[in-house]
Amino acid sequence: MEFLFKNAVEIAKKICLMKVEEGDIIVDATMGNGNDTAFLCSLVGETGKVYAFDVQETALNNTRKCLLEAQYQQRAQLILDGHENMDRYVTAKVKLILFNLGYLPKGNHAITTKKETTLKAVEKSLDALEESGVLLLVLYPGHLSGREEKEALEYFTSNLNQKRYTVTKHSFLNQINNPPELICIEKNR
Ligand SMILES: C[S@@+](CC[C@H](N)C(=O)[O-])C[C@H]1O[C@@H](n2cnc3c(N)ncnc32)[C@H](O)[C@@H]1O
């Protein structure tokens, strides 16, 4: 039996499935091993485009491999730079931006997203979103810097103008060890 709300990443993917259409331009703000990038490439089709960011060369190599296997290499632009610089690369308005925060599970845990740069990137993302576009933030409060990042993002997003943005949070109330959570921001028309 498939769970409706298995975990924060799966909820984020369900929202992507509801929102993204063939031909859309979207951003994967943290490409990691490329699983999310490949999934997003499958949604935008041959006529869409995914901009994917990471600060680790390993992430780009792994993602390139992942996209080659699925034959999606034409659908994505892989960028070796922090998402806080996304405005240097993404000039068009985009339908959806996904941040799957934290560190690579089998990688160097010291290379993790940090609240200062994430906040900068989220501000730029709000500008880059088209009307009724969606910003998804998967948070990992199970480690210290992830907890600080979550608190900073909750504070920032709960102060967004409600006429302009609808902000929701999805958390797992009866699970132990601070499981991942999801913040979803929809830009109102
Ligand atoms: C949880 S992993 C992403 C998982 C990935 N989406 C996947 O499908 O495998 C988080 C990634 O964020 C990256 N990262 C850390 N700081 C970043 C930054 N400032 N800009 C972009 N990526 C960053 C890390 O290098 C790491 O690969």
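In the block above lies the structure referred to throughout.
Residues numbered from 1 in each chain as written. Predicted model: local features only at pLDDT ≥ 70, side-chain atom pairs only at ≥ 80, totals over all residues.

**Observations regarding the overall build of the protein**
Phase 1 of the analysis: Tallying secondary structure elements over the protein gives five helices and seven strands in all.
Phase 2 of the analysis: For the protein, the N- to C-terminal ordering of α and β elements is α-β-α-β-α-β-β-α-β-α-β-β.
Phase 3 of the analysis: In terms of overall dimensions, the protein is globule-like: its C-alpha atoms have a radius of gyration of 15 Å, near the 16 Å expected for 189 residues.
Phase 4 of the analysis: Along the first, second and third principal axes, the C-alpha set of the protein runs to 40 × 40 × 40 Å.
Phase 5 of the analysis: A burial count over the protein gives 41% of its 189 residues as buried.
Phase 6 of the analysis: When contacts within the protein are restricted to residue pairs at least 6 apart in sequence, those whose partners lie at least 24 apart make up 73%. (Helix = DSSP H or I, 4+ residues; strand = E, 2+ residues; numbered from the N terminus. Rg over C-alpha atoms; globule rule 2.2 N^0.38 Å. Buried ≥ 20, exposed ≤ 12 C-beta atoms within 10 Å, placed from the backbone. Contact = placed C-beta atoms within 7 Å.)

**A closer look at the environment of L144**
Phase 1 of the analysis: Relative to the helices and strands, L144 is located in helix α5 (residues 144–158).
Phase 2 of the analysis: On the neighbour-count criterion, L144 (9 C-beta atoms within 10 Å) is exposed.
Phase 3 of the analysis: C-alpha of L144 to C-alpha of F39: the two residues are 105 residues apart in sequence and 29 Å apart in space.

**Digging into helix α1 (residues 8–19)**
Phase 1 of the analysis: Taking 1.5 Å of rise per residue, the twelve residues of α1 would be expected to cover 16 Å, and the 17 Å separating its terminal C-alpha atoms lies within 8% of that figure.
Phase 2 of the analysis: Listed as buried for α1 are A8, I11, A12, K13 and C16.
Phase 3 of the analysis: Close packing links the buried residues of α1 with α2 (35–44), β4 (94–100), β5 (129–139), β6 (165–170) and β7 (181–187). (Expected span 1.5 Å × (residues − 1).)

**Some remarks on the packing of helix α4 (residues 115–128) against α5**
Phase 1 of the analysis: Between α4 and α5, whose axes approach to 9 Å, the crossing angle comes to 30°. For α4 against α5, the interelement crossing comes out right-handed. Where α4 abuts α5, its residues K115, T118, L119 and V122 lie against E148, E149, A152, L153 and F156.
Phase 2 of the analysis: The residue makeup of the contact of α4 with α5, split by class, is five nonpolar, one polar and three charged. (Axes fitted to C-alpha atoms, helices over the stretch in contact; angles between N-to-C directions. Left-handed = near helix turned anticlockwise from the far one by under 90°. Nonpolar A, V, L, I, M, F, W, Y, C, P; charged D, E, K, R; others polar.)

**A look at the pairing of strand β2 (residues 49–54)**
Both faces of the sheet carry side chains from a regular strand, because those side chains alternate between them.
Phase 1 of the analysis: The buried fraction of β2 is high, at five of six residues.
Phase 2 of the analysis: Taken together, the four bridges between strand β1 (residues 25–28) and β2 define a ladder with parallel strand orientation. Opposite I26, over in β2, you have V50 as the bridge partner.
Phase 3 of the analysis: In the classification by handedness, the crossover that spans β1, the intervening α2 and the parallel β2 is right-handed.
Phase 4 of the analysis: Pairing geometry for β2 and strand β3 (residues 76–80), over five bridges, is parallel. Looking at β3, one finds that Y51 is bridged to Q77.
Phase 5 of the analysis: At this point the chain moves from β2, through helix α3 (residues 57–70), to the parallel β3, and the crossover so formed is right-handed. (Pairing = 2+ DSSP bridges. Right-handed = clockwise from strand over helix to strand, strands pointing away.)

**Things to note about the sheet that holds β2**
Phase 1 of the analysis: Reading across the sheet, the seven strands line up as β3-β2-β1-β4-β5-β7-β6 and stay open at both edges, with mixed pairing between neighbours. Two strands bound the open sheet, and with one partner strand each, they are β3 and β6. Between one strand and the next, the sheet's axes are offset by a mean angle of 15°, whatever the strand orientation.
Phase 2 of the analysis: Of the strands in this sheet, β4, β5, β6 and β7 are in contact with α1, which crosses β5 at around 165°.
Phase 3 of the analysis: Along the sheet, α2 makes contact with β1, β2, β3 and β4, crossing β2 at roughly 165°.

**Regarding unusual backbone geometry**
Phase 1 of the analysis: Backbone geometry at Q71 places phi at a positive 60°, although glycine is not the residue there.
Phase 2 of the analysis: Position of Q71 among the secondary structure elements: in the loop between α3 and β3.
Phase 3 of the analysis: Judged by the 9 C-beta atoms lying within 10 Å of it, Q71 is exposed.
Phase 4 of the analysis: Positive phi values are uncommon outside glycine, yet N177 reaches one of about 65°.
Phase 5 of the analysis: Residue placement: N177 occurs in the loop between β6 and β7.

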